[in-house]
Amino acid sequence: MTNSPASATQNQTLLDALNRCVAACEHCATACLGEEHVQHMTDCIRLDRDCADICALVARLVARGSEHAKHLIKECIEVCTKCANECAKHNHPHCQQCAAACRACAEACQQYAG
């Protein structure tokens, strides 16, 4: 990875999307635990947690310019897409907001990966 101005802007766009996704997934998982029928939310909660973790890891790797970021971004895209699809199944506002953040993150990762 290079530290040219163009890549710094691209990195910041990606970092912003990753961090928004982490926050949305953490919020969604916590809110799901408070839902009346929490047993129906287990897949959502699990994916929220996995997505938050992979996004946080990728953000740290991108921020430090790690050569390992590029191949982990592919996994991040997959997990974000799965999380978005699961959250989209639920009508709760926190799930819909999470789905949107996950989709935006997957798109930012895809643009970064080329």
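None of the values given here were measured: they were computed from a predicted structure.

Rules of the game
- Residue positions are counted from 1 within each chain, in the order its sequence is given.
- Local features are withheld for residues below a pLDDT of 70 in this predicted model, meaning they are given only at 70 or higher, and side-chain atom pairs are given and counted only at 80 or more; totals for whole chains, interfaces and linings count all residues.
- Side-chain numbers here rest on the full set of heavy atoms in the structure, without hydrogens or water.
- Counted as salt bridges are all cases of a side-chain nitrogen of Lys or Arg within 4 Å of a carboxyl oxygen of Asp or Glu.
- Secondary structure is summarised from DSSP: a helix means a run of H or I of at least four residues, a strand means a run of E of at least two, and numbering begins at the N terminus for each.
- Relative accessibility under 20% of the residue-type maximum defines a buried residue, over 50% an exposed one, and the middle range a partly exposed one, all with a 1.4 Å probe and only protein chains included.
- Residue count minus one, scaled by 1.5 Å, sets the expected span of a helix.
- Per-residue confidence from the predictor is reported as pLDDT, which spans 0 to 100.
- Throughout, a contact is declared for two residues whenever any of their heavy atoms are within 4.5 Å.
- What makes a nonpolar core is a set of buried Ala, Val, Leu, Ile, Met, Phe, Trp, Tyr and Cys residues whose side-chain atoms join them at distances within 4.5 Å.
- Cysteine sulfur atoms that come within 2.5 Å of each other are treated as a disulfide pair.
- Counting of polar contacts relies on pairs of N or O atoms within 3.5 Å, with two restrictions inside protein: one atom must be capable of donating a hydrogen and the other of accepting it, and residues adjacent in sequence are counted only when both atoms are side-chain atoms.

A. How the structure looks around the pattern of salt bridges. Per the counting criterion, the structure on display carries 3 salt bridges. Residue Glu-78 is joined to Lys-82 by a salt bridge in which the shortest nitrogen-to-oxygen separation is 3.2 Å. Of the two residues, Glu-78 and Lys-82 are both situated in helix α3 (residues 69-88); the distance of 4 residues between them amounts to about one turn of the helix. On the basis of relative accessible area, Lys-82 is assigned to the partly exposed category, the value being 46%.

B. Structural context of helix α4 (residues 93-113). Taking 1.5 Å per residue as the helical rise, α4 with its 21 residues ought to reach 30 Å, and the 30 Å between its terminal C-alpha atoms agrees with that figure. Residues His-94, Cys-95, Cys-98, Ala-99, Ala-101, Cys-102, Cys-105, Ala-106, Ala-108, Cys-109 and Tyr-112 constitute the buried set of α4. Positive backbone phi, at 85°, marks Gly-114, one or two positions downstream of α4.

C. Representation of the confidence of the model for the chain in the model. Summing up the model confidence of the chain, the mean pLDDT is 92 and the portion of residues at 70 or higher is 93%. For the chain, the element scoring lowest by mean pLDDT is helix α1 (residues 5-33), at 89; helix α2 (residues 42-64) scores highest, at 97. Here residues 1-6 is a poorly scored stretch, pLDDT under 50, and it has 6 contacts once near neighbours within four places are set aside; other chains count.

D. Seen up close, the nonpolar core. Counting residues in hydrophobic clusters, the biggest one holds 41 residues, and the most contacted among them are Leu-18, Cys-51, Cys-55, Cys-80 and Cys-102. Elements represented by at least two residues in this core include exactly α1, α2, α3 and α4. Per-element accounting of this core gives the leading share, 11 residues, to α1. With residues near it in sequence (within four places) discarded, Cys-102 still touches Cys-21, Cys-25, Cys-51, Cys-80, Cys-83 and Ala-84.

E. Structural detail: the state of the cysteines. Scanning the model with the defined rule gives 0 disulfides in all. Cys-87 forms no disulfide, and the closest cysteine sulfur to it belongs to Cys-44, at a distance of 3.5 Å.

F. A look at the environment of Leu-57. Tracing the chain through its elements places Leu-57 in helix α2. Under the relative-accessibility criterion, Leu-57 is labelled partly exposed at 31%. Sequence separation of Leu-57 and Ala-88 is 31 residues, and the distance between their C-alpha atoms is 24 Å.

G. Quick look at the side chain of Glu-86. By the secondary structure assignment, Glu-86 is in helix α3. For Glu-86, a relative accessible area of 9% puts it in the buried group. Within the structure, Glu-86 has its side chain in polar contact with the side chain of His-90 (distance 3.0 Å). Setting aside residues up to four positions removed in sequence, Glu-86 forms contacts with Asp-43, Cys-44 and Leu-47.

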